[in-house]
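What follows is each chain in one-letter form.
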Amino acid sequence: MTKIRINTSKPYDVVIGGGLLEQAGALIAEAVKGRRAVIVTDDIVNGLYSEKLIKSMEAAGFKTDIFVFPNGEESKSHKTLIELYDFLGNKNITRSDFLVALGGGVVGDLTGFAAATYLRGIDYVQIPTTLLAQVDSSVGGKTAVDIEAGKNLVGAFKQPDIVIADTDTLSTLTDEIFTDGMGEVVKYGMIWSKELFDLLKTGKIKENLDYVIEQCVDIKRQVVETDEFDTGLRMILNFGHTLGHSIEKFYNYKGFSHGKAVSVGMYIITVIGEKAGLIENNISDELKQCLIANNMPFEAEIDGTSLFSGAVNDKKRFSDTINIILCREIGKADIVKMNIEDFRNIIGG
Ligand code: GLY
C-alpha cells in the first residue's frame, strides 16, 4: 500500500494498492469523524463491490445506507442529484454524517458535488474503481454535474477526506473503460514526466500499473498543491481536453469516450502547434507512437469549424481569449493565452 499526502487547504491521503476494499472501513475510520455514511454508486459497480465495502465498513463500526443510480454519463445530471438530495433528506443525514463515492468519474463527481452542497457541505470519501478516476478525477477536489449546455458546467471545489484506490478493481474493467483512463495517463507523461512517458511508450502499462497510478497521482499532487483552485498551473491538466471536448460533443458523447477524445485532442493540438510554429521540436510523431502502443486513437473525422466551435464554448474560454495547453517538449507543458480569432486561424475553423 502506498500513501500520498495531498496538502491542499484540507489535507488528505490517497491510498493506492491491491485489496484495499477489504480495509476500507479501517482506513475511513482514521480519516473521518462521522460514523454514519451513505454509499453512492452506480448499478454496475454496485453488483461488483458494494457488498465488500459495506462488510468492511460495518466491521469498522459504521452504519451505512446505499444510493444506486444507472451507470453512465446521462446520470451526472441535476435529476440524479435531486434524487440523491431527497434520499439524504429522507434518511435524516446530518452534518456529522458523510458520503462515500464508490465508482468511476461520474459517481465521484456527482457525489462530491452533493457533498459540497448538501447542508452547505458534508464530508466525503472517494473510492475510485476505474483507471480514469484513480489517476485523475478522484484527486484534487473538482466536483460537478453536467447541464444541457455542456459537461461539468455546474460544480464546486470540495476536497475528499480520503481517496482509497484499490487497484484490484481495475481487473474487472472492460478494455474500453480501461483504455478510457489511458488518455489521462499519457497526458501526465506529456505534461510532466518524460520518464513516465518513456515507460508508456513500451505499452507495458498493465505490468506497471500500481507504479503508473502512483506517478500520475503524485504529479497531480504537485499541480493541485500549487494551484488548488485552477487559476494557473492546474490548467495544464487540460492538455488535450479543449479539443477533446469538441470531439466528444461532435460525436454526441457516444462515438468517443472522454479518454479517447483527449487522446485525439492531445495529438491534434500538438500537430497544430507544430504547424503554426508554436512548437519548435517535432514531438507529435513520438506522441502518436505512444498512443498507438496503448491502443489509443490519434485521429477523428471532424472538421475545423466543429473543432473550433466546440472549443470556444468550453469552460477554458475567457471572453475573447482562450488558454491553450501546449507541450513544447515531452514532460513539459505551457499555458498559451490566445486571441479567439488567432485560435480560429490555426485550427482552420
Ligand atoms: N481533471 C483536471 C483537474 O482536476 O484539474
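Computed from a predicted model, the values in this text were never measured in an experiment.

J.: Break down the overall build of the chain for me, citing the residues and quoting the values.
T.: Helices and strands together make up the secondary structure of the chain, namely 13 helices and 12 strands. Taking 349 residues into account, the globule formula puts the C-alpha radius of gyration at 20 Å, and the chain, at 20 Å, falls close to it. In terms of its C-alpha atoms, the chain occupies a principal-axis envelope of roughly 60 × 40 × 35 Å. Relative to all contacts within the chain whose residues are 6 or more apart in sequence, the contacts with residues 24 or more apart total 73%. When the accessible surface of the chain is totalled, it reaches about 14,300 Å², and 49% of it is carbon and sulfur.

J.: Any chance you could break down the state of the cysteines for me, citing the residues and the numbers?
T.: Disulfide: a covalent bond connecting the sulfur atoms of a pair of cysteines. Following the criterion strictly, the structure yields 0 disulfides and no others. Residue Cys327 stays outside any disulfide, its sulfur separated by 12 Å from that of Cys290, the closest cysteine.

J.: Tell me about helix α6 (residues 175-192), and name the residues and values.
T.: Think of an α-helix as turning once every 3.6 residues; residues three or four places apart then point the same way. For α6, with 18 residues, the first-to-last C-alpha span of 26 Å sits near the 26 Å given by 1.5 Å per residue. Judged by how many residues are buried, α6 sits mostly within the fold: 14 of 18 residues are covered.

J.: Give a description of the site of the ligand that names residues and reports values.
T.: Neighbouring residues of the ligand: Asp136, Lys142, Lys220, Arg234 and Leu237. Interatomic distance of 2.6 Å between a side-chain N/O atom of Lys220 and an oxygen atom of the ligand. Here the ligand, which alone exposes 190 Å², has 88% of that area covered by the protein. Residue composition of the shell around the ligand, by class: 1 nonpolar, no polar and 4 charged.

J.: Quick rundown of unusual backbone geometry? Include the residues and the values.
T.: Residues other than glycine seldom take positive phi values, yet Leu119 does so here, at roughly 55°. By secondary structure assignment, the location of Leu119 is in the loop between α4 (105-117) and β6 (123-128). With a relative accessible area of 34%, Leu119 lands in the partly exposed category. One non-glycine residue, Asn152, lies in the positive phi region at around 60°. The residue Asn152 is located in strand β8 (residues 150-157) in this model.

J.: If you had to explain the packing of aromatic side chains to someone new, which residues and values would you point to?
T.: For the structure on display, the rule yields 9 aromatic pairs. Residues Phe250 and Tyr251 carry aromatic rings whose centres are separated by 5.4 Å and whose planes lie at 80° to one another, so their mutual orientation is edge-to-face. By relative accessible area, which is 24% here, Tyr251 ends up partly exposed. Aromatic ring contacts, followed pair by pair, group Phe67, Phe69 and Phe87 into a single cluster. A cation over an aromatic ring shows up here: Lys187 above the ring of Tyr188, its NZ or CZ 4.6 Å from the ring centre. In this structure, Lys206 is placed above the aromatic ring of Phe178, and the distance from its NZ or CZ to the ring centre is 4.5 Å.

Thresholds applied
- Residues numbered from 1 in each chain as written.
- Predicted model: local features only at pLDDT ≥ 70, side-chain atom pairs only at ≥ 80, totals over all residues.
- Heavy atoms only, no water.
- Helix = DSSP H or I, 4+ residues; strand = E, 2+ residues; numbered from the N terminus.
- Rg over C-alpha atoms; globule rule 2.2 N^0.38 Å.
- Contact = heavy atoms within 4.5 Å.
- Areas by Shrake-Rupley, 256 points an atom, 1.4 Å probe, with all protein chains shown as cover.
- Disulfide = S-S within 2.5 Å.
- Expected span 1.5 Å × (residues − 1).
- Buried < 20%, exposed > 50% of the residue type's maximum accessible area, 1.4 Å probe, protein only.
- Near = heavy atom within 4 Å.
- Polar contact = N/O pair within 3.5 Å; in protein donor to acceptor, adjacent residues only side chain to side chain.
- Nonpolar A, V, L, I, M, F, W, Y, C, P; charged D, E, K, R; others polar.
- Phe/Tyr/Trp six-rings, centres within 6.5 Å; stacked < 30°, edge-to-face > 60°.
- Lys NZ or Arg CZ within 6 Å of the ring centre and 35° of its normal.

In short, the description is geometric, and any link to function would need to be established separately.
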